[in-house]
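Here's the letter readout for the chains.
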Amino acid sequence: MHTTLIDTATLAAHLHDPSWVVLDARFDLAAPAKGESLYREGHVPGARYVHLDAHLSGEKTGQNGRHPLPTPEVAAARFGALGIGPDTQVVIYDGDTGMYAARAWWMLRWVGHQAVAVLDGGFAAWQRAGLPVSTDQPTWSPVPFGARVADDRRVPVTDVLANLGDASRVLVDARANDRFRGENETIDPVAGHIPGAVNRFFQLNLNADKTFKTPAALREEWSAICGGADASRVVMYCGSGVTACHNLLALEHAGLTGARIFPGSWSEWCANPDRPRATGDA
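Described below are features of the structure shown in this document.

**Quick notes on the pairing of strand β8 (residues 234-237)**
No. 1: Every second residue of β8 is oriented toward a common face, with Val234 and Met236 on one face and Val235 and Tyr237 on the other, all of them buried.
No. 2: Of the strand pairs in this sheet, strand β6 (residues 170-173) and β8 are connected by four bridges, and their pairing is parallel. Note that in β8 the partner of Leu171 across the bridge is Val235.
No. 3: Across two bridges, β8 lies against strand β9 (residues 260-261) in parallel orientation. Within β9, the residue paired with Met236 across the bridge is Ile261.
No. 4: After leaving β8, the chain enters helix α9 (residues 243-253) and then returns to the sheet as β9, a path that is right-handed.

The following block contains the structure:
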């Protein structure tokens, strides 16, 4: 069972395995239709497309962030409709960094599915390896999935606000440093970050070729960020709950388990002007 990352050679060896399902999660925040267009131009043979808004997000209220989570029941129904059953090995990829694939990876684990891994290096790595690309549209049958949330690691906004002064908790912002500092904000209406948070841009988890760093390297880097705190005291957030999942995947790859997520992230936090915000590095 593959539960964090998988390489291109392993996926290629299982392309025709009926117990495996491959998901293409490519997406572009600035052009929401682009990912599916790229999928139609060419994808890993047999891959099924998942859209960040249609499959991996819930209903927006204007107060719950740009990509709120659906309920566990809705998420499970969507995964079942994609042909994912209790015994399915799922592999997810996006363009290269894994930022969107990590969101699907975390959601599947959230609803109790452990056999799910992200393709290391994404579709770019697949192409570099000279592996087959298809434009065929696969067909499949829906199967029962069933939500099985046993350890809900979501942290609501009320909990984040109530624990702002808790020095034993490490709140980590996965956005680029300029957005963390409150500079060059082009996505959310308010710039800045949650007071007390530290910044770990998700792409720092990657090598130059967009594959993940080794577990040993990630353990060293994340131990410095967390200051020796147990992973269970770490809460991840980002702009809308997407790249925060990339940091969670990096921790799991490094063998540091138990970290949690504030799914609404900065886009939910800043929707209420009464919540404090900070700028700069502190």
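Let us keep going from here.
**Brief notes about the sheet that holds strand β5 (residues 116-119)**
No. 1: Taken in spatial order, the five strands line up as β1-β5-β4-β2-β3 in an open sheet, and their pairing is parallel. At either margin of the open sheet sits one strand with a lone partner, and together these are β1 (5-6) and β3 (48-49).
No. 2: Strand direction decides the pairing type here: strand β4 (residues 89-93) and β5, joined by three bridges, are parallel. Residue pairing across strands places Val90 opposite Val116, the latter belonging to β5.

**Concerning the nonpolar core**
No. 1: Ranked by internal contacts, the top residues of the largest apolar core, which has 67 residues, are Leu11, Val44, Phe79, Ile84, Ile92 and Trp106.
No. 2: If we skip the residues at most four places from it in the chain, Val44 touches Leu11, Leu15, Val22, Tyr93, Phe123 and Trp126.
No. 3: By size, the runner-up hydrophobic cluster in this structure holds 13 residues, among which are Ile194, Phe262, Trp266 and Trp269.

**Focus: the layout of surface pockets**
No. 1: Roughly 430 Å³ of volume is contained in the largest pocket.
No. 2: Lining the largest pocket we find 27 residues, and of these Leu29, Met99, Tyr100, Phe202 and Thr243 sit closest to its centre.
No. 3: Ranked by residue count, the leading element in the lining of the largest pocket is helix α2 (residues 34-41), at three residues.

**Overview of the packing of helix α3 (residues 72-81) against helix α4 (residues 99-110)**
The description of two packed helices rests on the angle between their axes and on the distance between the axes.
No. 1: One way to put it is that α3 packs onto α4 with a least axis distance of 10 Å and a crossing angle of 110°. With respect to their mutual orientation, α3 and α4 come out roughly perpendicular. Classified by chirality, the crossing of α4 by α3 is left-handed. Along the contact surface, α3 presents Pro72, Ala75 and Phe79, while α4 presents Ala104, Met107, Leu108 and Trp110.
No. 2: For the contact of α3 with α4, the per-class residue count stands at seven nonpolar, no polar and no charged.

**Notes on unusual backbone geometry**
No. 1: A positive phi angle, close to 60°, is found at Asn184, a residue other than glycine.
No. 2: Mapped onto the secondary structure, Asn184 falls in the loop between α7 (177-180) and β7 (198-199).
No. 3: Its identity as a non-glycine residue notwithstanding, Lys210 has a phi of 75°, on the positive side.
No. 4: On the basis of relative accessibility, which here comes to 26%, the residue Lys210 falls in the partly exposed class.

**So, the pattern of salt bridges**
Two side chains bearing opposite charge may form a pair once their charged atoms approach each other closely.
No. 1: The full count for this structure, using the stated rule, is 17 salt bridges.
No. 2: In this structure, the salt-bridge partner of Arg169 is Asp159, at a minimum N-O distance of 2.7 Å. Placement of Arg169 in the loop between α6 (157-162) and β6 and of Asp159 in helix α6 is noted, with a sequence separation of ten residues between them.
No. 3: Overall, Arg169 belongs to the buried group, its relative accessible area being 13%.
No. 4: What makes Asp159 partly exposed here is its relative accessible area of 25%.
No. 5: We note a salt bridge from Glu185 to Arg175, for which the minimum N-O separation is 3.7 Å. Linking Glu185 in the loop between α7 and β7 with Arg175 in the loop between β6 and α7, this pair joins segments that are ten residues apart in sequence. With respect to class, Glu185 is no different from Arg175; both count as buried.

**Some remarks on the packing of helix α8 (residues 215-226) against α9**
No. 1: At a minimum axis distance of 8 Å, the contact between α8 and α9 shows a crossing angle of 115°. In this structure, α8 meets α9 at a crossing whose hand is left-handed. Of α9, the residues touching α8 (which contributes Pro215, Leu218 and Trp222) are Asn247, Ala250, Leu251 and His253.
No. 2: Here the residues of the contact of α8 with α9 are counted per class, giving five nonpolar, two polar and no charged.

Definitions and cut-offs
- Residues numbered from 1 in each chain as written.
- Predicted model: local features only at pLDDT ≥ 70, side-chain atom pairs only at ≥ 80, totals over all residues.
- Heavy atoms only, no water.
- Buried < 20%, exposed > 50% of the residue type's maximum accessible area, 1.4 Å probe, protein only.
- Helix = DSSP H or I, 4+ residues; strand = E, 2+ residues; numbered from the N terminus.
- Pairing = 2+ DSSP bridges.
- Right-handed = clockwise from strand over helix to strand, strands pointing away.
- Core = buried A, V, L, I, M, F, W, Y, C linked by side-chain atoms within 4.5 Å.
- Contact = heavy atoms within 4.5 Å.
- 1 Å grid on protein atoms, 1.4 Å probe; cavity = no way out; pocket = protein on both sides within 12 Å on 5 of 7 lines; lining within 4 Å.
- Points joined across faces, edges and corners; volume = space filled by probe spheres on them.
- Axes fitted to C-alpha atoms, helices over the stretch in contact; angles between N-to-C directions.
- Parallel < 35°, antiparallel > 145°, perpendicular 65-115°, else oblique.
- Left-handed = near helix turned anticlockwise from the far one by under 90°.
- Nonpolar A, V, L, I, M, F, W, Y, C, P; charged D, E, K, R; others polar.
- Salt bridge = Lys/Arg side-chain N within 4 Å of Asp/Glu carboxyl O.

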